[in-house]
Amino acid sequence: MSFKTTKEVIEDGDVVILYLNPSNMHPLEIKAKICNKKGKIIDNVFHTVYGGLKVISLIGQKYGSKVELTRGWAYVLQPTPELWTLMLPHRTQIIYSPDISLIIHLMELGPGSTVVETGTGSGSLSHSLIRAIRPSGHLYTFDFHEQRVSIASTEFENHGLNNFVTLKKRDVCSEGFGEELKHKIDAVFLDLPHPWLAVEHATVVLKQKGGKLCFFSPCIEQVQRTCTKLIHKGFIELHTYECLQREMNVQYKSLPILDLECLKYKQVNEDIVQKDGKGKQEEKLLTVTHAHSLPGHTGFITIAVLPPSYARK
Ligand SMILES: C[S@@+](CC[C@H](N)C(=O)[O-])C[C@H]1O[C@@H](n2cnc3c(N)ncnc32)[C@H](O)[C@@H]1O
């Protein structure tokens, strides 16, 4: 399965990304036949704005190669958690890559870490958590919404990630995370409307030599209420962040040279002066501009540490 390992060539059963442009990407499962809306088994042909693609024809093609559609072309890419976050079917609000990277960094996750996540939601964060902790770590993820649990479970299976994740349907605020996880978890992550209701349950599963609790909340009132609970339960080193992405383009641009002859002071460097199509002089300058408009506030990320039990209040 292509989510699990880096591969060179597309095989039957892989999930690949069909990339038409940055805002038009589709996940495709490589299989010869699919079931249509009427329940009939038909050839798996994927239709895009640039025409159709017989999906099975991708077997044997190299990842990253350009493939022909009936009225154009596209690239076939290996899936990554970042690409999946951009194209997954939304069942809920999701966490995006800039916040995800900070969350993984703050929780100090790496291969071998054991993590609890709730709620699973659309599985956007889960895919990145799994990549960070595999091959020897494990993700325990919980959601109380039956359909979301069922869809996420199918996705984990189709993406070949089942060995690294345990998904359970549970209301964690009332039932906690389960006795079997008692003091086994390195980090707990909460993305819930009422994170403060899960704090006490988190203290039960976090390792006694000090574990980390991180939560994501869109509103500062949720942050205040949860921090109050965290302090009350003995957590220390609380820090809250807002992660705003700002991508810049550094590129050469042709800019018109103003005719300031009347001022008689401008020295024009002949090497960098060119003529545009209409014979006007223009100068190539290195410019730095915002890449494109990016999302603003998504949420606040708070990290807290549960100190070893002897140091707790
Ligand atoms: C915003 S979504 C999580 C999105 C997820 N982080 C992602 O990146 O795709 C919040 C999820 O929490 C679940 N949830 C809310 N309260 C819960 C509770 N008490 N126990 C378990 N799940 C809960 C909801 O069903 C929902 O799917």
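Residues numbered from 1 in each chain as written. Predicted model: local features only at pLDDT ≥ 70, side-chain atom pairs only at ≥ 80, totals over all residues.

Moving on: the site of the ligand. Around the ligand, the surrounding shell holds 22 residues, and the nearest of these are Gly119, Gly121, Ser122, Ser124 and His145. The residue inventory of the shell around the ligand, partitioned by class, reads 9 nonpolar, 9 polar and 4 charged. (Near = placed C-beta within 6 Å. Nonpolar A, V, L, I, M, F, W, Y, C, P; charged D, E, K, R; others polar.)

What follows covers the sheet that holds strand 8 (residues 72-77). Overall, antiparallel pairing links the 4 strands, which are arranged 2-1-8-7 in an open sheet. Of all strands in the sheet, those bounded by a partner on one side alone are strand 2 (24-29) and strand 7 (66-69). With strand direction ignored, the average angle separating the axes of adjacent strands in the sheet is 35°. Where strand 7 meets strand 8, 4 bridges bridge the pair, whose relative direction is antiparallel. Note that in strand 8 the partner of Glu68 across the bridge is Trp73. (Pairing = 2+ DSSP bridges. Helix = DSSP H or I, 4+ residues; strand = E, 2+ residues; numbered from the N terminus. Axes fitted to C-alpha atoms, helices over the stretch in contact; angles between N-to-C directions.)

For Ile17, the location among the structural elements is in strand 1 (residues 15-21). Separated by 58 residues in sequence, Ile17 and Tyr75 have C-alpha atoms that sit 8.0 Å apart. In this structure, Ile17 is in contact with Met25, Pro27, Leu77, Pro79 and Leu83, ignoring residues within four places of it in sequence. (Contact = placed C-beta atoms within 7 Å.)

Right, let's get into helix 2 (residues 97-106). For an α-helix, 3.6 residues make a turn, and residues three or four places apart therefore share a direction. Asp99, Ile100, Ile103 and Ile104 are the residues of helix 2 that are buried. Projected down its long axis, helix 2 shows its buried positions confined to an angular sector of 130°, all on one face. One or two residues past the end of helix 2 sits Glu108, with phi positive at roughly 55°. (Buried ≥ 20, exposed ≤ 12 C-beta atoms within 10 Å, placed from the backbone. Arc of directions from axis to C-beta.)

The next point concerns the UniProt feature "binding site: S-adenosyl-L-methionine" (unreviewed entry) in the protein. Residues annotated in UniProt with the feature "binding site: S-adenosyl-L-methionine" (unreviewed entry) correspond here to Ser122, Gly123, Ser124, Leu125, Asp143, Asp171 and Asp191. Tracing the sequence through the fold places Ser122 in the loop between strand 9 (114-118) and helix 3 (124-133). Beyond its immediate sequence surroundings of up to four residues, Ser122 is in contact with Leu88, His90, Arg91, Thr92 and Ile94. The residue Gly123 is located in the loop between strand 9 and helix 3 in this model. Gly123 gets classed as buried once you count the C-beta atoms within 10 Å, which come to 31. Among residues more than four places away in sequence, those in contact with Gly123 are Leu88, Ala152 and Glu155. (UniProt positions renumbered as here; feature names shortened; annotations may be inferred.)

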